[in-house]
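# Fold and contact review
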Amino acid sequence: MGYKTKQREYLLEFLQSCGGRHVTVAELVRHLQDSGTPVGTATVYRNLEQLVSEGLVRKYLLDEKSGACYQYMDGAVHLCQEHFHLKCTRCGRLFHVGCDYLNTLGEHLLEHHGFVVDHTKTVLYGTCAECSAQQQQQQHTEKPE
């Protein structure tokens, strides 16, 4: 069990307030600065690694280009083992997707190919609805009349 410091408490409170959303270290540092409790990046990493080792937080490494992101587990160890993730290549947000259709894909791969999908590492890349709408709006405003 790690030390119960104020920094750790602030980090844990913020992660809990995010629910199941994935959070980056940059977001954590920015939130703490904005809320008047600045914590150094090294301290954030150290506390996060401790929380990960205690099973309170889950760490995700999505690809070689992106930094890790973290999620408060809320006692639900199976949370990310039962669904796919979508990552927006424009804004970088990561979404949990509980979808019966995608689940049938996993079932198909097992049944027909003997392949078990690891949902904790399954990420589909593309553009989220918000970024798609912004992109379409930009294209409409840039078109000459």
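Placed above this text is the structure.
Attention in this report is confined to the structure presented alongside it. (Residues numbered from 1 in each chain as written. Predicted model: local features only at pLDDT ≥ 70, side-chain atom pairs only at ≥ 80, totals over all residues. Heavy atoms only, no water.)

On to the nonpolar core. In terms of nonpolar packing, the biggest core is built from 18 residues, with Leu-15, Val-23, Val-25, Leu-28, Val-44, Leu-48 and Tyr-70 touching the most fellow members. Mapped by element, the contributors of at least two residues to this core are helix 1 (6-17), helix 2 (25-34), helix 3 (41-53) and strand 3 (69-72). Beyond its immediate sequence surroundings of up to four residues, Leu-28 is in contact with Leu-11, Phe-14, Leu-15, Val-23, Val-44 and Leu-48. (Core = buried A, V, L, I, M, F, W, Y, C linked by side-chain atoms within 4.5 Å. Buried < 20%, exposed > 50% of the residue type's maximum accessible area, 1.4 Å probe, protein only. Helix = DSSP H or I, 4+ residues; strand = E, 2+ residues; numbered from the N terminus. Contact = heavy atoms within 4.5 Å.)

Taken as a whole, this structure holds three salt bridges when the rule is applied. With its nearest N and O atoms 3.9 Å apart, the salt bridge here joins Lys-6 to Glu-9. With a gap of three residues between them, Lys-6 and Glu-9 both fall in helix 1, about one helical turn apart. Between Lys-59 and Glu-49 there is a salt bridge, with its nearest N and O atoms 3.0 Å apart. Of this pair, Lys-59 sits in strand 2 (residues 57-60) while Glu-49 is found in helix 3, placing the two residues ten residues apart along the sequence. (Salt bridge = Lys/Arg side-chain N within 4 Å of Asp/Glu carboxyl O.)

Turning our eyes to something else, we now look at the environment of Gly-67. In this fold, Gly-67 is placed in the loop between strand 2 and strand 3. Counting along the chain gives 43 residues from Gly-67 to Thr-24, while the straight-line C-alpha distance between them is 7.3 Å.

We now examine the pairing of strand 5 (residues 94-97). Of the pairings in the sheet, the one linking strand 4 (residues 84-88) to strand 5 comprises four bridges and is antiparallel in character. If you follow His-85 over to strand 5, its bridge partner there is His-96. A loop of five residues connects strand 4 with strand 5, the two strands running antiparallel in sequence, and Gly-92 in this loop sits at a positive phi of about 85°. (Pairing = 2+ DSSP bridges.)

Moving on: the side chain of Asn-47. Checked against the element boundaries, Asn-47 lands in helix 3. The exposure class assigned to Asn-47 is buried, which follows from its relative accessible area of 10%. Those residues in contact with Asn-47 that lie beyond four places of it in its chain are Thr-5, Gln-7, Arg-8 and Leu-11.

The subject of this paragraph is the sheet that holds strand 6 (residues 123-126). The strand order 5-4-6 describes an open sheet built from three strands, whose pairing is mixed. Here the strands that pair on one side only, and so sit at the sheet edges, are strand 5 and strand 6. Across the sheet, the axes of successive neighbouring strands diverge by a mean angle of 25°, strand direction being ignored. Note that strand 4 and strand 6 share four bridges and pair parallel. Paired with Cys-88 across the bridge in strand 6 is Gly-126. (Axes fitted to C-alpha atoms, helices over the stretch in contact; angles between N-to-C directions.)

Attention now moves to the packing of helix 1 against helix 2. Where helix 1 meets helix 2, the axes come as close as 11 Å, and the angle between the chain directions of the two elements is 110°. What the angle tells us is that helix 1 and helix 2 run roughly perpendicular. Contacts from Tyr-10, Leu-11, Phe-14 and Leu-15 in helix 1 reach Glu-27, Leu-28, His-31 and Leu-32 in helix 2. When its residues are assigned to classes, the contact of helix 1 with helix 2 shows six nonpolar, one polar and one charged. (Parallel < 35°, antiparallel > 145°, perpendicular 65-115°, else oblique. Nonpolar A, V, L, I, M, F, W, Y, C, P; charged D, E, K, R; others polar.)

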